[in-house]
Amino acid sequence: MTVLQTESAVRSGVRPGVRTTGRIPVVVHAADPISRAGAVSQLKQCPGVELVDEPHPHAGAGPGAVAVVLTETVDAAVAATLRRLVRGGEARVVLVVERMREAELLEAVECGVAAILWRREATAPRLGQAVLAASRGEGDLPADLLGRLITQMGRLRRSVQGLPGFTPPGVTEREADILRLVAEGWDTAEIAAKLSYSERTVKNVLHGLTTRLHLRNRAHAVAYALREGYI
C-alpha cells in the first residue's frame, strides 16, 4: 500500500484551514480519491463536524483536530502515518479499516488510535459517533475487535509475567468503577454524574491509570481491566 494521500481542497469541497467555532475539525486521509470522497460525503452528514484540509501533506492535523484515516490494513506506511498524526498529542485518530490482524490491532492501539471502525460499518451516524468519541479522548472499538485486543494483551501479559521481578500493577476500586462505565459506552459527563465526581476527576483518574500501566488510551485500559478480571 502506498503512503496515505490527501486530495486537494478544491476538488473535495473541503475548506482549507477553515474551522468553525464549536465544531470538531476533521481531516480525512485516504489512499485513493474515491475512498476519500466517500468519507467526506459521510462526514458532511454529521452535525458538529467541520471538514478541513491539511496545509501540507506531511504536516500534522493540528491541535484539537480529529484525523479520519481510511485504509485496507495497517502496514508499515500506515503505522508511520498514525504515529505522525498523534505525535505530541496534536490530533485524535479514527481508523477506518477493511481488515486487521491481532498484531496490527495492537500496533494501532499502541500508535495512539482513539477509535477503530470496520469500513463496512462506517455509516454517517457511526462515523460521527467515532469522531465525537475521539474528540473527547474516549475509545471506540467494535465488540469483535475489543475481544481480539483482550486476547492479544493476555498473551503479552503472560510473556511479561515470566520476567524476573514482575509485579502486577493492579487497578483500584475507583478506577475499576470508572472503567466499567467506560466499557458500557458512557462518556465522561455521564460517568461523572453517575459516580458523583467532577468531569475533571474522571479524566484525571483515567489519565493516571493509563500512565501508570503504560496504556495508550481508554480502549486499551478497558481491554486490560477486562482481561485481568477487574471489571
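That block above? That's the structure.
Residues numbered from 1 in each chain as written. Predicted model: local features only at pLDDT ≥ 70, side-chain atom pairs only at ≥ 80, totals over all residues. Heavy atoms only, no water.

**Brief notes about the overall build of the chain**
A tally of regular secondary structure across the chain gives 10 helices and 6 strands. Of all 231 residues assigned to the chain, the portion counted as buried reaches 48%. If you take every contact in the chain between residues at least 6 apart in sequence, the share linking residues at least 24 apart comes to 72%. Total accessible area computed for the chain in this model is approximately 11,400 Å², and 52% of it derives from carbon and sulfur atoms. (Helix = DSSP H or I, 4+ residues; strand = E, 2+ residues; numbered from the N terminus. Buried < 20%, exposed > 50% of the residue type's maximum accessible area, 1.4 Å probe, protein only. Contact = heavy atoms within 4.5 Å. Areas by Shrake-Rupley, 256 points an atom, 1.4 Å probe, with all protein chains shown as cover.)

**Let's talk about the packing of aromatic side chains**
In this description, an aromatic ring pair is defined by two values, namely the gap between the centres and the angle between the planes. Applying the stated criterion to the full structure yields 0 aromatic pairs. Sitting above the plane of the Y197 ring, R174 keeps its charged end 5.7 Å from the centroid. (Phe/Tyr/Trp six-rings, centres within 6.5 Å; stacked < 30°, edge-to-face > 60°. Lys NZ or Arg CZ within 6 Å of the ring centre and 35° of its normal.)

**Focus: helix α10 (residues 218-228)**
Of all the 11 residues making up α10, 8 are buried; the element is thus mostly covered by neighbouring parts of the structure. With a side-chain oxygen positioned 3.3 Å from the backbone nitrogen of A219, the residue opening α10 is N217. Looking one or two residues beyond α10, the residue adopting positive phi is G229, at roughly 80 degrees. (Polar contact = N/O pair within 3.5 Å; in protein donor to acceptor, adjacent residues only side chain to side chain.)

**Describing the pattern of salt bridges**
Side chains that differ in sign of charge can pair as their charged atoms come close. Under the definition given, this model contains 6 salt bridges. Here E98 and R119 are joined by a salt bridge, their closest N and O atoms 3.9 Å apart. Taken as a pair, E98 in the loop between β5 (91-97) and α4 (102-111) and R119 in the loop between β6 (115-118) and α5 (124-135) lie far apart in primary sequence, 21 residues in all. Given a relative accessible area of 40%, E98 falls into the partly exposed group. With relative accessibility at 29%, the residue R119 sits in the partly exposed group. When the shortest N-O distance is used, the salt bridge between R180 and D177 registers 3.0 Å. Separated by 3 residues within a single helix, R180 and D177 lie in helix α7 (residues 173-183), roughly one turn from each other. Residue class for D177 comes out partly exposed when judged on its relative accessible area of 25%. (Salt bridge = Lys/Arg side-chain N within 4 Å of Asp/Glu carboxyl O.)

**Some points on the nonpolar core**
Considering soluble globular proteins, one finds that nonpolar side chains tend to be buried as a cluster. In terms of nonpolar packing, the biggest core is built from 24 residues, with V26, L43, V68, V94, V96 and V131 touching the most fellow members. Looking at this core, the elements with two or more residues in it are β2 (24-30), α2 (33-43), β3 (49-53), β4 (65-71), β5, β6 and α5. The dominant element in this core, judged by the number of residues it contributes, is α5, at 5 residues. Residues V74, L95, C111 and L141 belong to the second largest nonpolar core, which totals 21 residues. (Core = buried A, V, L, I, M, F, W, Y, C linked by side-chain atoms within 4.5 Å.)

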